[in-house]
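# Fold and geometry: a report
Take a look at the letters that make up each chain.
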Amino acid sequence: MQALIRGPAYVLGDNVDTDQIIPAQYLTYNPAIPEEYRMFGKYALASVPPDQSGLPKGHVPFHGPDDEFISPYKIIVAGKNFGCGSSREHAPIALDAAGIEAVVAEFYARIFFRNAVNGGYLIPFETGDRLCERVCTGDELRIDVEKGVLANVTTGEEWRLKPLGEVAPILEAGGLFPYAERVGMLKK
């Protein structure tokens, strides 16, 4: 797990569901095949309504003109109930494949949160602040993972994030299976 995550923010609102994160028609790709894993990145956030894509203005594409697979954004800032809907593990996979390193939300659907942690796909930070109304798409953000501090480099504001707690060692190991190997629960 990185000590510092830095990059531009992509801002979304409340109740972003797993079908918005990766629409069902793209679940035919196999994430175990590297060429197909990339396709999840291409279609990440494809079903977010245009007026809710890249807040506060909306209508901001998640992918730039230079790369249809990897987004120029590194951190998603969202509101409440991020990753609700189904239990598909493909949602955090799609964000990881698109280059997202962390999501900062008020709270998550628990299955999305655990899928993100267990697979080691991205770091799901929680915040007590309504940051989706204080951060703008494109703002340069910096997350000090160890200290649990999110800084908006663009505006100079800082916020404390909730501690990762018991999931931190799993994320540090790169997911649940590497963690289980590290602590002797699984043999290599």
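Residues numbered from 1 in each chain as written. Predicted model: local features only at pLDDT ≥ 70, side-chain atom pairs only at ≥ 80, totals over all residues. Heavy atoms only, no water.

What follows covers the pairing of strand 3 (residues 102-105). Of the two faces of strand 3, the one lined by Ala102 and Val104 and the one lined by Val103 and Ala105 are each fully buried. Relative to strand 3, strand 2 (residues 75-77) runs parallel, the two being bridged by three bridges. The partner of isoleucine 76 across the bridge, within strand 3, is valine 103. For the crossover that starts at strand 2, traverses helix 3 (residues 90-97) and ends in the parallel strand 3, the hand is right-handed. Between the parallel elements strand 3 and strand 4 (residues 123-126), the chain passes through helix 4 (residues 110-119) in a crossover that is right-handed. (Buried < 20%, exposed > 50% of the residue type's maximum accessible area, 1.4 Å probe, protein only. Helix = DSSP H or I, 4+ residues; strand = E, 2+ residues; numbered from the N terminus. Pairing = 2+ DSSP bridges. Right-handed = clockwise from strand over helix to strand, strands pointing away.)

On the surface, Phe177, Val183, Met185 and Leu186 cluster together to form a nonpolar patch covering roughly 420 Å² of accessible area. Note that leucine 186 resides in the segment after helix 6 (176-182). (Patch = residues over 30% accessible without salt bridge, like charges linked within 9 Å, V, L, I, M, F, W, Y side chains within 5 Å. Areas by Shrake-Rupley, 256 points an atom, 1.4 Å probe, with all protein chains shown as cover. Salt bridge = Lys/Arg side-chain N within 4 Å of Asp/Glu carboxyl O.)

With that settled, the discussion passes to the packing of helix 2 (residues 34-42) against helix 3. Closest axis-to-axis distance for the helix 2/helix 3 pair is 7 Å, and the angle between their directions is 90°. Here helix 2 is positioned roughly perpendicular relative to helix 3, judged by the angle of their axes. Listed contacts from helix 3 to Tyr37, Phe40 and Gly41 of helix 2 are His90, Ile93, Ala94, Asp96 and Ala97. Grouping the constituent residues of the contact of helix 2 with helix 3 by class yields five nonpolar, two polar and one charged. (Axes fitted to C-alpha atoms, helices over the stretch in contact; angles between N-to-C directions. Parallel < 35°, antiparallel > 145°, perpendicular 65-115°, else oblique. Contact = heavy atoms within 4.5 Å. Nonpolar A, V, L, I, M, F, W, Y, C, P; charged D, E, K, R; others polar.)

The strand order 4-3-2-1-5-6-7 describes an open sheet built from seven strands, whose pairing is mixed. Of all the strands in the sheet, the pair left with one neighbour each is strand 4 and strand 7 (158-160). Sheet twist, expressed as the average angle between the axes of neighbouring strands with direction ignored, equals 25°. In the sheet, strand 1 (residues 4-11) pairs with strand 2 via three bridges, with the strands oriented parallel. What sits directly across from alanine 9, in strand 2, is isoleucine 75.

Going through the model one piece at a time under the given rule, you end up with 10 aromatic pairs. Here tyrosine 29 and phenylalanine 40 contribute two aromatic rings whose centre-to-centre distance is 6.2 Å and whose plane-to-plane angle is 75°, an arrangement assigned as edge-to-face. With a gap of 11 residues between them, tyrosine 29 in the loop between helix 1 (18-21) and helix 2 and phenylalanine 40 in helix 2 connect regions that are remote in the sequence. The exposure class of phenylalanine 40 is buried, given its relative accessible area of 0%. Geometrically, the ring pair formed by phenylalanine 82 and phenylalanine 112 is edge-to-face, given 5.2 Å between the ring centres and 85° between the ring planes. Linking phenylalanine 82 in the loop between strand 2 and helix 3 with phenylalanine 112 in helix 4, this pair joins segments that are 30 residues apart in sequence. Just as phenylalanine 82 is buried, phenylalanine 112 falls in that class too. Members of the aromatic cluster, joined through ring pairs, are Tyr26, Tyr29, Phe40 and Tyr43. Sitting above the plane of the phenylalanine 69 ring, arginine 38 keeps its charged end 3.8 Å from the centroid. (Phe/Tyr/Trp six-rings, centres within 6.5 Å; stacked < 30°, edge-to-face > 60°. Lys NZ or Arg CZ within 6 Å of the ring centre and 35° of its normal.)

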